[in-house]
Amino acid sequence: MNLDSAIDWDEIFEYLPGTVVELKNNPGVVHQIDYYETTMVPPIWLVDDPRPRYPHELQIVSRRDIQVCDIGLQVVTF
């Protein structure tokens with residue numbers, strides 16, 4: 001089995017670490033996504049919640065503070 005074909009890359013990029021979400025069954029209480037674990041079902045772990053979640057349980061509130069990639073300053077000397 002090719003693992004890449006089983007991974008939903010769109011979902012991974014939709015639920016990036018740092019995304020602020022709320023549980024649909026508990027609106028108004030916000031949580032931050034800690035990480036998305038592709039090998040787990042459910043795959044989404046929240047910072048302050050010991051139980052992983054499915055995407056259909058979450059409503060995205062904000063992506064403002066997401067760091068998509070780590071771009072650092074590199075000094076190149078010749």
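Along every chain, residues carry numbers that run from 1 in the direction the sequence is written. The predicted origin of the model limits local features to residues at a pLDDT of at least 70 and limits the giving and counting of side-chain atom pairs to 80 or more, whereas totals for whole chains, interfaces and linings rest on all residues. Hydrogens and water are ignored here; the side-chain numbers use all heavy atoms of the structure.

Colleague: I would appreciate a short explanation of the overall build of the protein in the present structure.
Modeller: The numbering of helices and of strands both runs from the N terminus, where a helix is a DSSP run of H or I of at least 4 residues and a strand a run of E of at least 2. Helices and strands together make up the secondary structure of the protein, namely 2 helices and 5 strands. Going residue by residue from the N terminus, the α and β elements of the protein occur as α-α-β-β-β-β-β. For the protein, buried positions account for 32% of its 78 residues. The contact definition used throughout considers only heavy atoms, calling two residues in contact when any of these lie within 4.5 Å. Considering only contacts in the protein between residues 6 or more positions apart, those separated by 24 or more positions represent 42%. Accessible area of the protein: about 5,900 Å², with a carbon and sulfur share of 54%. Exposure categories follow from relative accessible area, calculated using a 1.4 Å probe and restricted to protein chains: below 20% of the type maximum is buried, above 50% is exposed, and the middle band is partly exposed. Accessible surface area values rest on a Shrake-Rupley calculation with a 1.4 Å probe, where residue burial reflects the displayed protein chains alone.

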